[in-house]
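Structure assessment
Chain by chain, the residues:
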Amino acid sequence: MKKRIFISLFIASVLLVGFSQTVMARGSSDNTSTLTVGATPVPHAELLNLIKNDLATQGITLRVVEYTDYVQPNSALISGDIDANFFQHIPYLESNTDWTSRLSSAFGVHIEPFGLYSSKHGNISNLPNNATIAIPNDPTNGGRALLLLQSNGLITLRNGAGLEATSRDITSNPKNFRFIELEAALLPRSLNDVDAATINGNFALQAGFNPINDALIIEGADSPYVNIVVVRKGSEQDPKIVALKNTLLSQRVKDFINRSYSGGVISIF
(Lines give C-alpha, C1' and ligand atoms only; values in the text may rest on other atoms or scores of the structure.)
Protein backbone atom coordinates (compact mmCIF):
# COMPACT_ATOMS: atom_id res chain seq x y z
CA MET A 1 0.00 0.00 0.00
CA LYS A 2 2.78 2.42 0.97
CA LYS A 3 4.64 1.56 -2.24
CA ARG A 4 1.51 2.29 -4.28
CA ILE A 5 1.03 5.66 -2.54
CA PHE A 6 4.68 6.54 -3.12
CA ILE A 7 4.41 5.76 -6.83
CA SER A 8 1.22 7.85 -7.10
CA LEU A 9 2.89 10.81 -5.37
CA PHE A 10 5.94 10.47 -7.58
CA ILE A 11 3.81 10.51 -10.74
CA ALA A 12 1.84 13.51 -9.46
CA SER A 13 5.03 15.43 -8.73
CA VAL A 14 6.39 14.69 -12.20
CA LEU A 15 3.15 15.87 -13.78
CA LEU A 16 3.19 19.03 -11.63
CA VAL A 17 6.76 19.86 -12.59
CA GLY A 18 5.95 19.22 -16.25
CA PHE A 19 2.89 21.46 -16.03
CA SER A 20 4.88 24.21 -14.34
CA GLN A 21 7.58 24.06 -16.99
CA THR A 22 4.96 24.20 -19.73
CA VAL A 23 3.36 27.27 -18.18
CA MET A 24 6.75 28.91 -17.76
CA ALA A 25 7.71 28.11 -21.34
CA ARG A 26 4.39 29.44 -22.61
CA GLY A 27 4.82 32.61 -20.61
CA SER A 28 8.33 33.14 -21.92
CA SER A 29 7.17 32.63 -25.52
CA ASP A 30 4.55 35.36 -25.07
CA ASN A 31 7.09 38.11 -25.59
CA THR A 32 5.90 40.70 -23.09
CA SER A 33 8.58 43.10 -24.36
CA THR A 34 7.17 43.17 -27.90
CA LEU A 35 5.89 46.54 -29.09
CA THR A 36 3.63 46.42 -32.16
CA VAL A 37 3.24 49.67 -34.08
CA GLY A 38 1.05 50.23 -37.15
CA ALA A 39 2.41 52.65 -39.74
CA THR A 40 2.10 53.78 -43.33
CA PRO A 41 5.18 52.74 -45.34
CA VAL A 42 6.93 56.06 -46.07
CA PRO A 43 8.40 57.60 -44.02
CA HIS A 44 6.76 56.18 -40.89
CA ALA A 45 7.59 52.49 -41.26
CA GLU A 46 11.05 53.39 -42.57
CA LEU A 47 11.79 55.42 -39.43
CA LEU A 48 10.50 52.65 -37.18
CA ASN A 49 12.56 49.99 -38.94
CA LEU A 50 15.60 52.23 -38.54
CA ILE A 51 15.40 52.00 -34.74
CA LYS A 52 14.56 48.31 -34.35
CA ASN A 53 18.09 47.38 -33.27
CA ASP A 54 18.28 50.33 -30.88
CA LEU A 55 15.13 49.16 -29.11
CA ALA A 56 16.36 45.57 -29.15
CA THR A 57 19.36 46.62 -27.03
CA GLN A 58 16.80 47.87 -24.50
CA GLY A 59 15.03 44.51 -24.47
CA ILE A 60 12.14 45.60 -26.70
CA THR A 61 11.22 43.79 -29.90
CA LEU A 62 9.64 46.29 -32.28
CA ARG A 63 7.11 44.79 -34.70
CA VAL A 64 6.00 47.11 -37.51
CA VAL A 65 2.67 46.47 -39.23
CA GLU A 66 2.21 48.43 -42.46
CA TYR A 67 -1.09 49.96 -43.58
CA THR A 68 -1.87 51.77 -46.82
CA ASP A 69 -4.99 53.62 -45.69
CA TYR A 70 -5.86 56.09 -42.95
CA VAL A 71 -8.71 54.23 -41.20
CA GLN A 72 -7.45 50.76 -40.33
CA PRO A 73 -4.55 51.88 -38.07
CA ASN A 74 -6.89 53.58 -35.61
CA SER A 75 -9.39 50.72 -35.70
CA ALA A 76 -6.58 48.23 -35.05
CA LEU A 77 -5.29 50.31 -32.15
CA ILE A 78 -8.72 50.55 -30.53
CA SER A 79 -9.26 46.80 -30.88
CA GLY A 80 -5.88 46.04 -29.31
CA ASP A 81 -4.34 44.45 -32.40
CA ILE A 82 -1.47 46.94 -32.18
CA ASP A 83 0.04 48.94 -29.30
CA ALA A 84 0.50 52.25 -31.13
CA ASN A 85 0.29 53.77 -34.58
CA PHE A 86 2.35 56.30 -36.48
CA PHE A 87 0.74 57.80 -39.57
CA GLN A 88 -1.52 60.72 -38.68
CA HIS A 89 -1.55 64.32 -37.50
CA ILE A 90 -3.58 65.79 -34.64
CA PRO A 91 -6.32 67.39 -36.81
CA TYR A 92 -6.99 63.97 -38.36
CA LEU A 93 -7.12 62.24 -34.97
CA GLU A 94 -9.50 64.92 -33.70
CA SER A 95 -11.81 64.55 -36.70
CA ASN A 96 -13.49 61.49 -35.13
CA THR A 97 -14.99 61.62 -31.64
CA ASP A 98 -14.71 57.85 -31.19
CA TRP A 99 -10.98 58.09 -31.79
CA THR A 100 -10.48 61.03 -29.43
CA SER A 101 -12.47 59.28 -26.68
CA ARG A 102 -10.17 56.23 -26.80
CA LEU A 103 -6.87 57.38 -28.27
CA SER A 104 -4.36 60.13 -27.57
CA SER A 105 -1.13 61.52 -28.93
CA ALA A 106 1.97 60.25 -27.15
CA PHE A 107 4.43 62.56 -28.95
CA GLY A 108 5.09 64.34 -32.25
CA VAL A 109 7.87 63.46 -34.66
CA HIS A 110 7.81 65.30 -37.98
CA ILE A 111 5.94 67.30 -40.59
CA GLU A 112 5.40 66.11 -44.16
CA PRO A 113 4.79 69.24 -46.23
CA PHE A 114 1.58 68.91 -48.25
CA GLY A 115 1.90 69.84 -51.91
CA LEU A 116 0.11 70.35 -55.23
CA TYR A 117 1.48 68.16 -58.05
CA SER A 118 0.81 67.92 -61.76
CA SER A 119 2.06 65.75 -64.61
CA LYS A 120 0.57 68.14 -67.18
CA HIS A 121 1.45 71.63 -66.00
CA GLY A 122 4.82 72.93 -64.81
CA ASN A 123 3.58 76.00 -62.93
CA ILE A 124 0.44 76.99 -61.07
CA SER A 125 0.00 79.91 -63.47
CA ASN A 126 -0.40 77.34 -66.25
CA LEU A 127 -3.41 75.70 -64.66
CA PRO A 128 -6.24 76.38 -67.13
CA ASN A 129 -9.75 77.58 -66.50
CA ASN A 130 -11.99 74.70 -65.40
CA ALA A 131 -8.97 72.63 -64.40
CA THR A 132 -9.77 69.52 -62.37
CA ILE A 133 -7.94 69.27 -59.05
CA ALA A 134 -8.03 66.11 -56.93
CA ILE A 135 -7.99 66.50 -53.15
CA PRO A 136 -8.13 63.97 -50.26
CA ASN A 137 -11.60 62.78 -49.30
CA ASP A 138 -11.06 62.84 -45.52
CA PRO A 139 -12.20 66.08 -43.87
CA THR A 140 -8.94 67.28 -42.36
CA ASN A 141 -6.72 66.64 -45.36
CA GLY A 142 -9.36 67.92 -47.75
CA GLY A 143 -9.47 71.14 -45.75
CA ARG A 144 -5.69 71.18 -45.69
CA ALA A 145 -5.64 71.03 -49.49
CA LEU A 146 -8.06 73.94 -49.83
CA LEU A 147 -6.11 76.02 -47.31
CA LEU A 148 -2.94 75.39 -49.33
CA LEU A 149 -4.64 76.61 -52.50
CA GLN A 150 -5.99 79.65 -50.68
CA SER A 151 -2.57 80.53 -49.26
CA ASN A 152 -1.28 80.66 -52.83
CA GLY A 153 -4.09 82.88 -54.12
CA LEU A 154 -5.88 80.25 -56.19
CA ILE A 155 -9.18 80.30 -54.26
CA THR A 156 -10.75 82.11 -51.31
CA LEU A 157 -12.54 80.42 -48.43
CA ARG A 158 -15.17 81.97 -46.21
CA ASN A 159 -13.93 83.46 -42.96
CA GLY A 160 -13.84 80.86 -40.21
CA ALA A 161 -13.87 77.85 -42.52
CA GLY A 162 -11.03 76.40 -40.49
CA LEU A 163 -9.03 73.21 -40.89
CA GLU A 164 -12.02 71.18 -42.08
CA ALA A 165 -13.02 73.51 -44.90
CA THR A 166 -14.85 71.93 -47.84
CA SER A 167 -15.49 73.02 -51.41
CA ARG A 168 -18.80 74.48 -50.14
CA ASP A 169 -16.73 77.04 -48.22
CA ILE A 170 -15.15 78.47 -51.38
CA THR A 171 -16.30 82.05 -51.90
CA SER A 172 -14.01 82.93 -54.81
CA ASN A 173 -12.75 80.60 -57.56
CA PRO A 174 -11.50 82.85 -60.40
CA LYS A 175 -10.49 79.97 -62.71
CA ASN A 176 -13.55 77.89 -61.88
CA PHE A 177 -11.47 74.94 -60.70
CA ARG A 178 -13.40 71.72 -60.29
CA PHE A 179 -12.57 69.55 -57.29
CA ILE A 180 -12.86 65.79 -57.01
CA GLU A 181 -12.32 63.90 -53.77
CA LEU A 182 -10.28 60.69 -53.68
CA GLU A 183 -8.80 58.45 -51.02
CA ALA A 184 -5.42 59.95 -50.13
CA ALA A 185 -3.44 56.87 -51.20
CA LEU A 186 -4.94 57.07 -54.72
CA LEU A 187 -4.00 60.69 -55.38
CA PRO A 188 -0.57 60.06 -56.98
CA ARG A 189 -2.17 57.62 -59.44
CA SER A 190 -4.80 60.21 -60.37
CA LEU A 191 -2.28 62.59 -61.95
CA ASN A 192 -2.80 61.21 -65.46
CA ASP A 193 -6.53 61.88 -65.20
CA VAL A 194 -6.61 65.33 -63.57
CA ASP A 195 -4.84 68.63 -64.07
CA ALA A 196 -3.35 68.57 -60.59
CA ALA A 197 -3.64 66.80 -57.25
CA THR A 198 -2.89 67.80 -53.69
CA ILE A 199 -0.93 64.93 -52.16
CA ASN A 200 0.11 64.12 -48.60
CA GLY A 201 3.87 64.10 -48.17
CA ASN A 202 4.13 60.41 -47.29
CA PHE A 203 2.23 59.32 -50.40
CA ALA A 204 4.20 61.74 -52.57
CA LEU A 205 7.46 60.26 -51.29
CA GLN A 206 6.14 56.74 -51.75
CA ALA A 207 5.28 57.59 -55.38
CA GLY A 208 8.85 58.74 -56.01
CA PHE A 209 8.33 62.50 -55.84
CA ASN A 210 10.72 64.90 -54.19
CA PRO A 211 8.23 67.32 -52.59
CA ILE A 212 10.66 70.24 -52.56
CA ASN A 213 11.55 69.89 -56.25
CA ASP A 214 8.40 68.40 -57.75
CA ALA A 215 5.50 70.18 -56.05
CA LEU A 216 4.04 73.22 -57.81
CA ILE A 217 3.26 74.68 -54.37
CA ILE A 218 4.04 73.30 -50.93
CA GLU A 219 3.34 74.01 -47.26
CA GLY A 220 5.94 75.81 -45.20
CA ALA A 221 7.73 74.34 -42.19
CA ASP A 222 5.24 76.13 -39.91
CA SER A 223 2.51 73.64 -40.85
CA PRO A 224 0.30 72.66 -37.89
CA TYR A 225 0.05 69.08 -39.19
CA VAL A 226 2.69 67.38 -37.05
CA ASN A 227 2.75 63.59 -37.47
CA ILE A 228 2.31 61.87 -34.12
CA VAL A 229 2.62 58.51 -32.43
CA VAL A 230 -0.82 57.59 -31.08
CA VAL A 231 -1.66 55.16 -28.27
CA ARG A 232 -4.71 54.08 -26.32
CA LYS A 233 -5.58 56.53 -23.55
CA GLY A 234 -3.63 55.78 -20.39
CA SER A 235 -0.69 54.21 -22.25
CA GLU A 236 1.24 57.41 -22.85
CA GLN A 237 3.76 56.66 -20.08
CA ASP A 238 4.04 52.94 -20.71
CA PRO A 239 7.79 52.15 -20.47
CA LYS A 240 7.82 50.73 -24.00
CA ILE A 241 6.18 53.88 -25.39
CA VAL A 242 8.64 56.07 -23.49
CA ALA A 243 11.51 53.99 -24.90
CA LEU A 244 10.04 54.38 -28.38
CA LYS A 245 9.83 58.15 -27.90
CA ASN A 246 13.39 58.49 -26.65
CA THR A 247 14.73 56.35 -29.48
CA LEU A 248 12.67 57.87 -32.26
CA LEU A 249 13.42 61.45 -31.21
CA SER A 250 17.16 60.93 -31.47
CA GLN A 251 19.91 62.68 -33.40
CA ARG A 252 20.41 59.53 -35.45
CA VAL A 253 16.82 59.64 -36.68
CA LYS A 254 17.01 63.39 -37.28
CA ASP A 255 20.14 62.95 -39.39
CA PHE A 256 18.46 60.13 -41.33
CA ILE A 257 15.44 62.36 -42.06
CA ASN A 258 17.62 65.22 -43.27
CA ARG A 259 19.73 62.90 -45.41
CA SER A 260 16.97 60.78 -46.90
CA TYR A 261 13.97 62.95 -47.74
CA SER A 262 15.40 66.15 -49.21
CA GLY A 263 13.01 68.39 -47.30
CA GLY A 264 9.99 66.18 -47.92
CA VAL A 265 10.02 65.30 -44.20
CA ILE A 266 10.94 67.86 -41.55
CA SER A 267 11.70 66.74 -37.99
CA ILE A 268 10.29 68.85 -35.16
CA PHE A 269 12.89 67.80 -32.56
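Everything that follows concerns the structure shown earlier in this document.
Our subject in this report is the structure included herewith. Along each chain, residues carry numbers from 1 onward, in the same order as the chain's sequence is written. For a predicted model such as this one, the threshold for reporting local features is a pLDDT of at least 70, and the threshold for listing and counting side-chain atom pairs is 80 or more; totals across whole chains, interfaces and linings nevertheless cover every residue. To get the side-chain values, all heavy atoms of the structure are used, and hydrogens and water are removed first.

Next up on the list: the sheet that holds strand β3 (residues 84–89). If you trace the six strands from one edge of the open sheet to the other, you get β2-β1-β3-β12-β4-β13, paired in mixed fashion. Edge strands, defined here as strands with exactly one partner in the open sheet, are β2 (61–66) and β13 (266–267). At least two bridges found by DSSP between two strands is the condition for calling them paired. The way it works is that DSSP assigns letters per residue, a run of H or I at least four long becomes a helix, a run of E at least two long becomes a strand, and they are numbered from the N terminus. In this sheet, strand β12 (residues 226–232) lies alongside strand β4 (residues 103–111) in antiparallel orientation, the contact comprising seven bridges. Across the sheet, residue S105 finds its bridge partner in β12, namely V230. Here, residues are in contact when the closest pair of their heavy atoms is within 4.5 Å. An axis is simply a line fitted to the C-alpha atoms; with a helix, the fit covers only the stretch in contact. Between two such axes, the angle follows the N-to-C directions and lies from 0 to 180 degrees. Along the sheet, helix α2 (residues 41–50) makes contact with β1 (34–39), β2, β3, β4 and β12, crossing β2 at roughly 165°.

Next up on the list: the pairing of β3. Across a regular strand the side chains alternate sides, sitting on one face of the sheet and then on the other. For β3, the tally of buried residues reaches six of six residues, placing the bulk of the element in the interior. The pairing of β1 with β3 spans three bridges and is classified as parallel. For V37, the partnering residue across the bridge sits in β3 and is A84. As paired strands, β3 and β12 are joined by five bridges and run antiparallel to one another. What sits directly across from N85, in β12, is V230. For the exposure calls, accessible area comes from a 1.4 Å probe over protein chains only, and a residue counts as buried if that area is under 20% of its type's maximum, exposed if over 50%, partly exposed in between.

Here the focus is the nonpolar core. In summary, soluble globular proteins display a tendency toward joint burial of nonpolar side chains. Residues belong to one nonpolar core when they are buried, are Ala, Val, Leu, Ile, Met, Phe, Trp, Tyr or Cys, and are joined through side-chain atoms within 4.5 Å. In this structure, L48, L244 and L248 are the most contacted members of the largest nonpolar core, which totals 29 residues. For this core, the elements supplying multiple residues, two or more each, are β1, α2, β2, β3, β4, β12, α10 (239–248) and α11 (251–260). With five residues, the single largest contributor to this core is α2. Residues within four places of L48 in sequence aside, it is in contact with V37, A39, L62, V64, F86, L244 and L248. Residues L77, A185, L187 and I228 belong to the second largest nonpolar core, which totals 24 residues.

Within this document, salt bridges are pairs made up of a side-chain nitrogen of Lys or Arg and a carboxyl oxygen of Asp or Glu, the two lying within 4 Å of each other. Under the counting rule described, the total for this entry stands at four salt bridges. For the salt bridge of D54 with R252, the shortest nitrogen-to-oxygen distance reads 2.6 Å. Of this pair, D54 sits in helix α3 (residues 52–56) while R252 sits in helix α11, and the two are 198 residues apart along the sequence. D54 gets classed as partly exposed once you look at its relative accessible area, which sits at 29%. Accessibility expressed as a relative area gives 43% for R252, which makes it partly exposed.

Mapped onto the elements of the fold, K52 is located in helix α3. A relative accessible area of 31% places K52 in the partly exposed class. Residues K52 and V64, spaced 12 residues apart in sequence, show a C-alpha to C-alpha distance of 9.2 Å. With sequence-adjacent residues up to four places away left out, K52 is seen in contact with L62 and V64.

Glycine aside, residues mostly have negative phi, and peptide bonds are mostly found in the trans state. Cis peptide bonds are those with omega within 30 degrees of zero, and the linkage from V42 to P43 qualifies with -5°. Notably, N176 is not glycine yet its phi reads approximately 55°, a positive angle. The topology assignment puts N176 in the loop between β8 (170–172) and β9 (178–182). For N176, a relative accessible area of 44% translates into the label partly exposed.

Our next topic: the packing of aromatic side chains. Pairing of aromatic rings covers Phe, Tyr and Trp, the last through its six-membered ring, and needs centres within 6.5 Å; plane angles under 30 degrees mean stacked, over 60 mean edge-to-face, and all others mean tilted. All chains considered together, the criterion is met by seven aromatic pairs. Taking 6.0 Å as the distance between ring centres and 75° as the angle between the ring planes, the aromatic pair formed by F87 and Y92 counts as edge-to-face. Pair check on accessibility: F87 and Y92 agree, each one buried. Taking 6.0 Å as the distance between ring centres and 85° as the angle between the ring planes, the aromatic pair formed by F256 and Y261 counts as edge-to-face. We call a charge positioned above a ring when the Lys NZ or Arg CZ atom is no farther than 6 Å from the ring centre and deviates by at most 35 degrees from the ring normal. In this structure, K254 is placed above the aromatic ring of F269, and the distance from its NZ or CZ to the ring centre is 5.6 Å.

Our next topic: the environment of I90. Here I90 lies in helix α5 (residues 90–93). On the accessibility criterion, I90 (36% relative accessible area) is partly exposed. Along the backbone, I90 and V229 are 139 residues apart, and their C-alpha atoms lie at a distance of 9.8 Å.

We now examine the sheet that holds strand β6 (residues 132–136). One open sheet accounts for five strands, arranged β9-β6-β10-β5-β11; its pairing is mixed. At either end of the open sheet lies a strand with only one pairing partner, and these are β9 and β11 (217–218). Of the strand pairs in this sheet, strand β5 (residues 115–117) and strand β10 (residues 196–199) are connected by three bridges, and their pairing is antiparallel. The partner of L116 across the bridge, within β10, is T198. Against the sheet, helix α7 (residues 139–151) makes contact with β5, β6, β9, β10 and β11, and its axis sits at roughly 135° relative to β6, the strand it touches most.

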